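# Survey of secondary and tertiary structure
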Amino acid sequence: MSIPVLDRTAPTEHPVLDVLAGRWSPRAFDAETAIDEAKLAAALEAARWTPSANNTQPWRFIVARRGTALHAQIVDALLGFNQAWAGNAAVLVVAVAETADADGAPISHAVYDLGQAVAHFSVQAHNDGLYVHQMSGFDPEVVREFADLDARFTAMTVIAVGEFGDVEALPAPLQEREVAPRVRRPIAETVILSA
């Protein structure tokens, strides 16, 4: 039985850029197609040009292509059902925040700035036809160990990147999530003060 893929365009309350309305986070990745290196480079370049407080650029990325030992190490660091699908992604990227400077002083905005960099990465990738899915379900200490991260760096999220794959290749519960309607709470419940 074929599961239909719904139109994934967000039903926005107000007009937004097409690339933003169309961006979504699939779990079905094509396990055969290699990453388009130019598109990956463009996504990393978009992240590089993200604004940050005082231009500190407190982000780093660990980039692992499918079939490499590094990719396998990242898959092994994933938790729960993320291991059931994320290994099919052409690339796994670990987004790392520089939470302290070289002298040990905290960088209070590091996680915020990293989030912006990942957003820029995601939008550029989607614009170029790649799909991106961010995961918090991983063990950052496992990543710290195999990547030999200094204490001032913290792995914050793992990002699956690649071409869209076969929904029916996913475990049944994930197939249902893949085709479920996209929903967000209304803007009126998101804006807490407005004058």
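Residues numbered from 1 in each chain as written. Predicted model: local features only at pLDDT ≥ 70, side-chain atom pairs only at ≥ 80, totals over all residues. Heavy atoms only, no water.

## So, the pairing of strand β4 (residues 153-162)
As a reminder of what qualifies: The rule is simple: take the accessible area with a 1.4 Å probe, protein chains only, and divide by the maximum for that residue type; under 20% is buried, over 50% is exposed, in between is partly exposed. Helix and strand assignments follow DSSP, with helices taken as H or I runs no shorter than four residues and strands as E runs no shorter than two, numbered in order from the N terminus. We treat two strands as partners when DSSP finds at least two bridges between them.
Within β4, eight of the 10 residues are buried, which leaves it mostly tucked inside the rest of the structure. Summarising the sheet, strand β2 (residues 91-98) and β4 pair through eight bridges and their orientation is antiparallel. Residue pairing across strands places Val93 opposite Ile159, the latter belonging to β4. In the sheet, strand β3 (residues 131-135) pairs with β4 via five bridges, with the strands oriented antiparallel. Bridged to Gln134 within β4 is Ile159.

## Notes on the environment of Ser52
For clarity, the threshold we go by: In this description, contact between two residues means that some pair of their heavy atoms is separated by no more than 4.5 Å. Two N or O atoms form a polar contact when they lie within 3.5 Å of each other; inside protein one atom must be a possible hydrogen donor and the other a possible acceptor, and for residues adjacent in sequence the pair counts only when both atoms belong to side chains.
If you trace the backbone, Ser52 turns up in the loop between α2 (37-48) and β1 (59-65). Ser52 sits in the buried class, given a relative accessible area of 15%. For Ser52 and Tyr112, which are 60 residues apart along the polypeptide, the C-alpha to C-alpha distance reads 8.6 Å. Filtering out sequence-adjacent residues up to four positions away, Ser52 remains in contact with Gln57, Pro58, Trp59 and Asp113. From its side chain, Ser52 meets the backbone nitrogen of Gln57 in a polar contact 3.0 Å long.

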